[in-house]
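Read off the chains here:
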Amino acid sequence: MTKYGGKFKLMLVREYKEGKLGYNPLAEKYGMKSSAQLKRWVKIYEKFGAEGLMRKKHKETYSVQFKLDVLSFMKRTGSSEVQTALQFGLTNPPLIGSWKKAFHEGGVEGLNKIKGRPSMSDKAKNKKSTEPKEMTYEQKLERENELLRLEVEYLKKLRAFQMDPKGYLEKHKQRYHSNSKKPSN
């Protein structure tokens, strides 16, 4: 997939907004494979303005619970990735698709994986052999408890959401917007 810069996206959105060309002719004019991206950019522009089209200087991180809430909302309402992203204040709708894939492949743990290469600490640099550490029985039980707690928390929130979707979203709206602006460490 080709990555386009914020200035290019903004230029196309503004040209579309002028009304001279529709989605398909405009996408064709600039050699895009389809008009789907352009449609997404227009929706993001309408919701977040020009800033929504610009690349972020820092990578945003989202909690596992937030990801589960987004996926739950999408499944329950039948909303598209774009509609769901706009509902939760996300400017990158394809991110939801990657969360969905990670959840289907690895469950809750799939959503908790950190992408990229881990940084090397001084100990790791000095230590040549990387022996996988066996988890003790107690550590395994603690891990299982942690996953079960997460699942119970998720089910409680899902039940609250199913009973009153609008009320739930309104109550948690501020928290979601503050989560989406966290810089990564």
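How each quantity is defined
Along each chain, residue indices are assigned from 1 in the same order as the chain's sequence is written. At least 70 in pLDDT is required for a residue's local features to be given in this predicted model, at least 80 for side-chain atom pairs to be given and counted, and no such filter applies to totals for whole chains, interfaces and linings, which use all residues. Side-chain metrics rest on all non-hydrogen atoms present in the structure, leaving aside hydrogens and water. In this description a helix means any DSSP run of H or I spanning at least four residues, a strand means any run of E spanning at least two, and both kinds are numbered starting from the N terminus. Should any heavy atoms of two residues lie within 4.5 Å, those residues are considered in contact. Reported accessibility uses the Shrake-Rupley method at a 1.4 Å probe radius. Residues are deemed covered only where the shown protein chains occlude them. Here an angle of 0 to 180 degrees is reported between the N-to-C directions of two axes, which are lines fitted to C-alpha atoms, with helices fitted over the stretch in contact. Any angle that is under 35 degrees is reported as roughly parallel, and any over 145 degrees as roughly antiparallel; angles of 65 to 115 degrees are reported as roughly perpendicular and all others as oblique. Each crossing gets its hand from how the near helix is turned against the far one by less than a right angle, where anticlockwise is left-handed and clockwise is right-handed. Only Asp, Glu, Lys and Arg are considered charged in this grouping, and only Ala, Val, Leu, Ile, Met, Phe, Trp, Tyr, Cys and Pro are considered nonpolar; every other residue, Gly among them, is considered polar. A helix is expected to span 1.5 Å multiplied by its residue count minus one. Here's how the labels work: a residue is buried when its accessible area is under 20% of the maximum for its type, exposed when over 50%, partly exposed in between, all with a 1.4 Å probe on protein chains only.

**Notes on the overall build of the protein chain**
Move 1: Scanning the protein chain from N- to C-terminus turns up nine helices and zero strands.
Move 2: Secondary structure elements of the protein chain occur, N-terminal to C-terminal, as α-α-α-α-α-α-α-α-α.
Move 3: In the protein chain, the proportion of contacts linking residues at least 24 apart, taken out of those at least 6 apart, comes to 64%.
Move 4: As displayed, the protein chain has an accessible area near 13600 Å², and 52% of this comes from carbon and sulfur atoms.

**Side note on the packing of helix α4 (residues 64–77) against helix α6 (residues 94–111)**
Move 1: Look at α4 against α6: their axes get within 10 Å of each other, and the N-to-C directions meet at 120°. Viewed along their axes, α4 and α6 adopt a mutual orientation that is oblique. Crossing geometry of α4 relative to α6 is assigned as left-handed. Contact residues: α4 offers Val 64, Phe 66, Lys 67, Leu 68, Val 70, Leu 71 and Met 74, while α6 offers Ile 96, Trp 99, Lys 100, Phe 103, Val 108 and Leu 111.
Move 2: Its residues assigned to classes, the contact of α4 with α6 comprises 11 nonpolar, no polar and two charged.

**Things to note about helix α1 (residues 6–18)**
Move 1: When the terminal C-alpha atoms of α1 are compared, their 18 Å separation across 13 residues agrees well with the 18 Å that a helix rising 1.5 Å per residue should span.
Move 2: Along α1, the residues that are buried comprise Gly 6, Lys 9, Leu 10, Leu 12, Val 13 and Glu 15.
Move 3: Elements that come into contact with the buried residues of α1 comprise α2 (23–29) and α3 (36–48).
Move 4: In the stretch just after α1, Gly 19 is the one whose phi turns positive, near 90°.

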